[in-house]
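Commentary on secondary and tertiary structure
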Amino acid sequence: MSNPATPRTPLRSLHPEDVRKTPGGLSLDIVLTPALRPAPRSACKSLTSSPITSADISEKLSNAAIRREEVLQLRKENIDEKLAMVQNKKDEIVKEKATKTKEELDAKLKDSEDNKNFILKKTKDDVKAHLAKVEQKMKDLEVLTEAEKIARKLALDADIMKADENRSEQLEKRIKDIQEHVDYVKSVSATQEMKKKLYLAGLEKSLEKAGKRKEEAVAKVVEVAKEEEVKVEEAKLRREKDEKAIQDKVKAALNEKSGKVVENQANKDEMFKSKMEERNRRAELVRQNKLRLEQEGVEGTNLGPESA
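Residues numbered from 1 in each chain as written. Predicted model: local features only at pLDDT ≥ 70, side-chain atom pairs only at ≥ 80, totals over all residues. Heavy atoms only, no water.

1. Some remarks on the overall build of the protein chain
Quick note on the threshold: Working definition: helices are DSSP H or I runs of at least four residues, strands are E runs of at least two. Numbering for both runs from the N terminus. For the exposure calls, accessible area comes from a 1.4 Å probe over protein chains only, and a residue counts as buried if that area is under 20% of its type's maximum, exposed if over 50%, partly exposed in between. In this description, contact between two residues means that some pair of their heavy atoms is separated by no more than 4.5 Å. Residue burial considers only the protein chains on display, and all accessible areas are found by Shrake-Rupley using a 1.4 Å probe.
Tallying secondary structure elements over the protein chain gives 3 helices and 2 strands in all. Counting helices and strands in the order they occur from the N terminus, the protein chain gives β-β-α-α-α. A burial count over the protein chain gives 13% of its 308 residues as buried. Long-range pairs, those at least 24 residues apart, make up 77% of the contacts in the protein chain between residues at least 6 apart in sequence. Of the roughly 24,400 Å² of accessible surface on the protein chain, 55% is carried by carbon and sulfur atoms.

2. Topic: the side chain of T145
Here is the rule: Residues adjacent in sequence count toward polar contacts only when both atoms are side-chain atoms; beyond that, a polar contact is any pair of N or O atoms within 3.5 Å, and within protein one must be able to donate a hydrogen and the other to accept it.
For T145, the position within the fold is in helix α2 (residues 54-162). In this structure T145 comes out as buried when scored by relative accessible area, which is 8%. Here the side chain of T145 touches L141 through a polar contact of 2.7 Å, landing on its backbone oxygen.

3. Considerations on the pattern of salt bridges
We apply this condition: The working definition used for a salt bridge is a side-chain nitrogen of Lys or Arg within 4 Å of a carboxyl oxygen of Asp or Glu.
Scanning all chains against the criterion turns up 9 salt bridges. Here D91 makes a salt bridge to K90, at a shortest N to O gap of 3.8 Å. We note a salt bridge from R287 to E284, for which the minimum N-O separation is 2.1 Å. With R287 and E284 both in helix α3 (residues 167-307) and 3 residues apart, this pair spans about one turn of that helix. When salt bridges that share partners are traced, they join K90, D91 and E243 into one network.

4. Let's talk about a negative patch on the surface
Put simply, the test is: Patch membership requires over 30% relative accessible area and the absence of a salt bridge. Like charges are linked within 9 Å, and nonpolar side chains (Val, Leu, Ile, Met, Phe, Trp, Tyr) within 5 Å. His is not counted, nor are the chain ends; Lys and Arg add positive charge and Asp and Glu add negative charge. We put the charge of a Lys on NZ, of an Arg on CZ, of an Asp on CG and of a Glu on CD.
A surface patch of negative charge is lined by E103, E104, D106, E223, E227 and E228. Put simply, the parts of the chain that give the negative patch at least two residues each are α2 and α3. One can find E227 in helix α3. Note on E227: relative accessible area 40%, which makes it partly exposed.

5. Here's the deal with the confidence of the model for the protein chain
Where we set the bar: pLDDT is a per-residue confidence score from the predictor, ranging from 0 to 100.
The share of residues in the protein chain with pLDDT of 70 or more is 79%, and the mean pLDDT across the chain is 78. Mean pLDDT in the protein chain bottoms out at helix α1 (residues 43-49), which sits at 48, and peaks at α2, which reaches 85. Segment residues 43-47: pLDDT under 50, and 6 contacts once partners within four positions in sequence are set aside and those in other chains are kept.

6. Some points on the side chain of D269
By secondary structure assignment, the location of D269 is in helix α3. Its relative accessible area of 15% is what places D269 among the buried residues. Ignoring sequence-local partners within four residues, the contact set of D269 consists of L61 and R68.

7. Thoughts on the environment of K196
Looking at where K196 falls in the secondary structure, it is placed in helix α3. Its relative accessible area of 32% is what places K196 among the partly exposed residues. Considering only alpha carbons, one finds K196 and H130, 66 residues apart in sequence, at a separation of 9.8 Å. Among all residues touching K196, those that are not within four sequence positions of it are L131 and V134.

8. What about the environment of L83?
The topology assignment puts L83 in helix α2. Remark: the alpha-carbon pair of L83 and E243, spanning 160 residues in sequence, is separated by 9.4 Å.

9. A short note on a positive patch on the surface
A grouping of K205, K209, K212 and R213 is seen on the molecular surface, where their side chains present a positively charged patch. The topology assignment puts K205 in helix α3.

In C-alpha cells form, the structure reads like this:
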C-alpha cells in the first residue's frame, strides 16, 4: 500500500520530451497515478469507539470499488494520451524523413540533367568550331591550288614563247607536272574528306556513348532512389510493428496489474470482513459473559441472607 501523504504526479503533467529515441524505436516512461481521494481514516479508531456493522463494511467495500474504478479509468486515460503523443511524434518523423529523401532525389536528378545538357552543348560547340576550321583550311587549299595553277600556266607560256625548239618536250613535261599536281591535290582533298568523315563518325560514336553513359547514370540514380523508398517503407512497417507490440505489451501488463490489484483488494476486503466478524463475535461473547457474571453476582447476593 502507498503512503497517502506522498505527493503524486499525474501523467497529464508530463511533457513530450519524456519520449526518447532508441535504436529499437521510441522509449517512454509511464507513471501510473494512484487515487486522488483522501485516505480513509484508520479502522482502529473506529473499532475502539463502536463495533462496525455490516452496513459500514458494505459502504467501505463500495467506496473501495469506486476508488479502484477511478484509478483504472485514470490510468487508461493517461496511457491512451501518451500513446497518442507517441503516434503523433512517429508520424512527424516519418513525414520529415520522406520529404527530405524526396528533396535529395529531386536535387540529384536536376544536377544530372544540368550536367548532361552542359556536356551536349559543349560538344556541339566544339564540333562546330572544328568544322569551321576544316572548311577554312579547305578554302585556303583551293585558293593556293588555283594560284599555283595560274603561276605554272604563266611560266609555261613564257617558256613556250622563249624556246620554240623544245616546246613539245617542255609542253609534255609541263602537262605531266600539272597532271601530277592535280593528282596530288585530288589525293590531298580525298584524304582530308576521309579524315573529316572519320572524325565526324568518331565524334558521333563518342556522343552516343556519352549519352548512353548519362542515361545509365540517371537510371542508376533512379534505382537508388527506388531502393531508398523501399527501405523507408520497410523501416516504417518495422516501426509500426514494434510500436504495436509495445502497445500490446503495455495493455497486457496493465490488464495483469489491474487483475492483481482487484484480486488483492478482494482478498484484503475478505480478510477485513472476517476480522470484523470475529471481533464482533468476541465482543458479543464478552458481553454475554459479562451479563452472565453480573446475573450470577446478583443471584449470589440474594442467596446470602437466606443461608444466614
